[in-house]
Protein chains: 2
Amino acid sequence: MVAQSGGPTAVINNSVCGILHQWHQYSAAGNLYGALFGISGILKENLANLSVLNEKDVLRMRYSPGAALGSSRYKIKDEGDIRKLLEQFKKIKINHFFYIGGNDSMDSANTISQYAKSHGYDLTVNGVPKTIDNDLLHTDHCPGYGSAAKYIATTVLETGIDLKSIISKNRVLVLEVMGRNTGWLAAAAALAKKNDSDPPHLIYLPEVPFDKNSFIQDVDTVYKKFGIAYIVASEGLVDREGKYVCCETSQDSFGHRQLGGVGNLLKNYVQDALGIQARCNVLGTTQRSAMHLVSKTDVDEAYRVGIEAVRLAHQDASGLMTTLIREKQDYYCAVGNVKLSEVANGEKMFPLAWINHDGNYITNKYYEYASPLIRGTLTVPTKNGLPDYCCLKEIQENKQLRIL
Amino acid sequence: MVAQSGGPTAVINNSVCGILHQWHQYSAAGNLYGALFGISGILKENLANLSVLNEKDVLRMRYSPGAALGSSRYKIKDEGDIRKLLEQFKKIKINHFFYIGGNDSMDSANTISQYAKSHGYDLTVNGVPKTIDNDLLHTDHCPGYGSAAKYIATTVLETGIDLKSIISKNRVLVLEVMGRNTGWLAAAAALAKKNDSDPPHLIYLPEVPFDKNSFIQDVDTVYKKFGIAYIVASEGLVDREGKYVCCETSQDSFGHRQLGGVGNLLKNYVQDALGIQARCNVLGTTQRSAMHLVSKTDVDEAYRVGIEAVRLAHQDASGLMTTLIREKQDYYCAVGNVKLSEVANGEKMFPLAWINHDGNYITNKYYEYASPLIRGTLTVPTKNGLPDYCCLKEIQENKQLRIL
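It should be emphasised that the depicted structure is a prediction, and the values quoted were computed from it without experimental measurement. (Residues numbered from 1 in each chain as written. Chains lettered and ligands numbered in written order. Predicted model: local features only at pLDDT ≥ 70, side-chain atom pairs only at ≥ 80, totals over all residues. Heavy atoms only, no water.)

Draft legend 1. Focus on the nonpolar core. Counting 106 residues, the largest nonpolar core has Y366(A) and Y366(B) as its most contacted members. Ignoring any residue separated from it by four or fewer positions in sequence, one finds Y366(A) in contact with Y145(A), W184(A), A187(A), A188(A), L191(A), F350(A) and W354(A). (Core = buried A, V, L, I, M, F, W, Y, C linked by side-chain atoms within 4.5 Å. Buried < 20%, exposed > 50% of the residue type's maximum accessible area, 1.4 Å probe, protein only. Contact = heavy atoms within 4.5 Å.)

Draft legend 2. Local environment of the relation of the copies chain A and chain B. The transformation that overlays chain A on chain B combines an axial shift of 0.0 Å with a rotation of 180 degrees, and the residual RMSD is 0.0 Å. Accordingly, the operation relating the two chain copies is best matched by a two-fold axis. Judged by C-alpha distance, V282(A) is the residue of chain A that lies nearest the rotation axis, at 2.3 Å. A high fraction, 100%, of the interface residues of chain A reappear at the interface in chain B, so the copies pair face to face through one surface. (Least-squares fit on C-alpha atoms with pLDDT ≥ 70 in both.)

Draft legend 3. Molecular detail of the interface of chain A and chain B. Contacts between the two partners involve 72 residues from chain A and, on the opposite side, 72 residues from chain B. For the chain A and chain B pair, buried surface summed over both sides reaches about 5600 Å², with 52% attributable to carbon and sulfur atoms. Between D162(B) and R288(A) there is a salt bridge, with its nearest N and O atoms 2.8 Å apart. Seen at the junction of chain A and chain B, the total is 23 residue pairs in polar contact (both at pLDDT 80 or more). Counting residues per element, the side of chain A that touches chain B draws most heavily on helix α6 (residues 145-165) of chain A, which supplies 12 residues. Here the side of chain A that touches chain B is built from residues that sort into 28 nonpolar, 29 polar and 15 charged. In this sheet, strand β4 (residues 71-72) of chain B lies alongside strand β7 (residues 166-167) of chain A in parallel orientation, the contact comprising 2 bridges. Each bridged residue has a counterpart across the sheet, and for I166(A) the counterpart in β4(B) is S71(B). (Buried area = accessible area lost by both parts, 1.4 Å probe. Salt bridge = Lys/Arg side-chain N within 4 Å of Asp/Glu carboxyl O. Polar contact = N/O pair within 3.5 Å; in protein donor to acceptor, adjacent residues only side chain to side chain. Helix = DSSP H or I, 4+ residues; strand = E, 2+ residues; numbered from the N terminus. Nonpolar A, V, L, I, M, F, W, Y, C, P; charged D, E, K, R; others polar. Pairing = 2+ DSSP bridges.)

Draft legend 4. Spotlight on helix α11 (residues 296-314) of chain B. Residue and element names in this part refer to chain B. With 19 residues, α11 ought to run about 27 Å at 1.5 Å a step, and its terminal C-alpha atoms sit 28 Å apart, in line with that. Extensive coverage of α11 is indicated by the burial of 14 of its 19 residues. For α11, the side-chain oxygen to backbone nitrogen distance between the N-cap and T297 is 3.3 Å, and the N-cap itself is S295. Among the residues trailing α11, D316 stands out with phi positive, at a value near 65 degrees. (Expected span 1.5 Å × (residues − 1).)

Draft legend 5. Region of interest: the environment of T286(B). The residue T286(B) is located in helix α10 (residues 286-289) in this model. Residues T286(B) and Y244(B), spaced 42 residues apart in sequence, show a C-alpha to C-alpha distance of 23 Å. In this structure, T286(B) is in contact with T155(A), T159(A), N281(A), L283(A) and Y151(B), ignoring residues within four places of it in sequence.

Draft legend 6. Structural detail: the pairing of strand β14 (residues 320-327) of chain A. Residues and elements named next belong to chain A. Along β14, 6 of the 8 residues are buried, which leaves the element largely enclosed by surrounding structure. Summarising the sheet, strand β6 (residues 124-129) and β14 pair through 2 bridges and their orientation is parallel. Bridging from a neighbouring strand, G127 pairs with M321 of β14. In this structure, β14 lies alongside strand β15 (residues 332-339), joined through 8 bridges in antiparallel fashion. Counterpart to T322 in the pairing with β15 is N337. Hairpin connection of β14 to β15: 4 residues between the antiparallel strands.

Draft legend 7. Highlighting the side chain of K164(A). All names here are of chain A. Here K164 shows up in helix α6. Exposure remark for K164: the relative accessible area of 17% places this residue in the buried category. A polar contact is formed between the side chain of K164 and the side chain of D198, at a distance of 3.1 Å.

Draft legend 8. Region of the structure containing the packing of helix α4 (residues 79-92) of chain A against helix α5 (residues 103-118) of chain A. Residue and element names in this part refer to chain A. Interaxial distance between α4 and α5 falls to 10 Å at its minimum, and their mutual angle equals 70 degrees. Comparing the axis directions of α4 and α5 gives the class roughly perpendicular. Side by side, α4 and α5 meet where E79, I82, R83, L85 and L86 of the first sit next to T111, I112, Y115 and A116 of the second. The class makeup of the residues in the contact of α4 with α5 is 6 nonpolar, 1 polar and 2 charged. (Axes fitted to C-alpha atoms, helices over the stretch in contact; angles between N-to-C directions. Parallel < 35°, antiparallel > 145°, perpendicular 65-115°, else oblique.)

Draft legend 9. Representation of the environment of Y244(A). Looking at where Y244(A) falls in the secondary structure, it is placed in the loop between β10 (229-234) and β11 (247-251). A polar contact of 3.0 Å, which involves the side chain of Y244(A), links it to the side chain of N181(A).

Draft legend 10. Representation of the environment of D57(B) in the model. Residue and element names in this part refer to chain B. Here D57 lies in helix α3 (residues 55-62). Overall, the relative accessible area of 29% leaves D57 in the partly exposed class. Spatially, the C-alpha atom of D57 lies 18 Å from that of H292, the residues being 235 residues apart in sequence.

Draft legend 11. Inspection of the pattern of salt bridges at higher detail. For the structure shown, the criterion picks out 24 salt bridges over all chains. Taking the shortest distance from any N to any O, the salt bridge between D140(A) and R326(A) comes out at 2.9 Å. Here D140(A), found in the loop between β6 and α6, pairs with R326(A), found in strand β14; they are 186 residues apart in sequence, far enough to count as distant. The residues D140(A) and R326(A) share a single accessibility class, namely buried. With a shortest N-O distance of 3.5 Å, D196(B) and K225(B) are connected by a salt bridge. Of the two residues, D196(B) sits in the loop between α7 (184-188) and β9 (202-204) while K225(B) sits in helix α8 (residues 212-226), which places them 29 residues apart along the sequence. Exposure remark for D196(B): the relative accessible area of 51% places this residue in the exposed category. What makes K225(B) exposed here is its relative accessible area of 56%. Connected via shared salt-bridge partners are R62(A), K296(A) and D300(A).

By themselves, these observations are geometric and do not establish any function.
This is the structure we're talking about:
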């Protein structure tokens, strides 16, 4: 059984396809089932038999954004939940479970793995890393991040050229990117810069407490120097007290506050304090779904961490998450693994040593780290001028695929 | 002399390259100069000699976003301005002026053309249409629109799949697109829809007075039917009194109010009235600069309207804007022309006949009109994982290029 969890990435389906590919390398493996919409699909017996997919279907799924199986933010509430899950596994004769997700999901996988072990149920549970946030511990980087970084950098490059090329009142641009607690996505904007005067000029990350006065001073200095200012901000900026600079009241099922609006806030700061007209672009979910602009490196790595999870299960290893290990010389990542308990609910922050002294930009160390992750392009098939993506329905509602 | 004006499009440089190509077909034509940052470049003698560009430079310029020569929103203030402009033309021996822009620019071009004629100055002035807004009269569509439409439709397709594929609290998405007075850009989102249940579900255009209560009712109906709602809104929505639903106080040099924030406003309406958590993506300047995703049809047409402007000037025609004329059967546009006075300051609204009865979506007529405009892809050269765009500086600061 494979399930997808949390916010999709542009390459999340590559991990499903990697798992499916490797699963069929083992002749005795039987069918591979997909849980539709994550854990809740298992509990509701909402499943698809992925083994009946033909090669063409798999390829289309591989080159489509969103979670092809459907995803959810289902939080395992208590022991009752886990017991019900294991009963379902028993009923459908599932002995291997692959969970593609971020740190919350690795915590869930760890809980399931430990419970099964202590109750003598024959089940391997292994995690496959996935998050545009790039905040999982013990892996060089996370599949999904490279493509989001490439999309952000390309967008900054294009909108930066646009900003430089027109004299109008809007000479300050704020780009709001995702990143609830970490600045990895905001930092990616720096990949677009070649010369000192190029956008972006200022990058604000959640790792550095945000100070309104310093911000206004920063923008003023850049604007006076270059006549324009391109500002990138993480949605999750916090002040010196650790409180979100801009937050709304609602929370998701993990208790995370839903953020948004930092870009507009900074735009208003600029307009009010400096009297310069500013504009704000908010990337939102575009940055995690832009399959038309993925990194080929990322696509391949997402596939390989899926393959490795099946290899581990085949060796009866359990309670692990597959990882990427950078080999030092030319860029290449080997695949490895780490105990789920070591990544569960941990968070890899953007290194403070990679942030400049003023706390408003990142250093060249980040460039060296991230530049290889956005390499390589992939041509998505098109139809009538638009990408020809696999429709979620095709996987989920195809009667042939249903086992129940 | 060629100048670019107003907000750039992803393909605006193709018109410069078309003009440059055709200019050199006429052996006696002499040098072609580019005015840097529009009219103000002429007044300040900030010019570049485009005739010294080699083929490689031209190709790179052709495949780069932003206005390669620099653009501005310079508004001709009075007769003194025009006189100064003509003195400059006289001094540098300019007898042909090509102005690439939208309706404000065509008004300026018309004024210059008429003044030159009435004062016996030997000058042809011809306009080349350019605007993502698609609001110029007497042309089937405007170069720049097809690429913006393709970008918007692709984004809706990708973020729509993302929205459908995850069960979380954010099941309503608002996408804010540009469009100060017309709904052409918002309508483009509909190109992403194949089935009734696919995003987008609701499209709000400035041509239909916005009513908060109807909006909330619309979202509620869609949400109850599909479990999600994907809403697209023009930045320039107006109420029954014709007042912008959301506007800020500042104005640009043409007296247009700078808009923004409609997306967030609608998101808050949904959250407050229906208690459903919503998210808002704001495309902003990304939609006019996404060269990595242009329509090949658009690229070619932008080039051809540039070529045609030079052909007209060669025949000593003046005071015209080149146009695109759709030939009925298979899609193909011939180039034609219209008097500048007939397009100056006019605005082509989205046809009310192409909007549905409820005023919250568009009809199939639009699909037939717009679908051919987004066809064809172009592969942009890349370097280190990012597009290898021509830097504005390379054109503007290359000493070789300067004539003064």
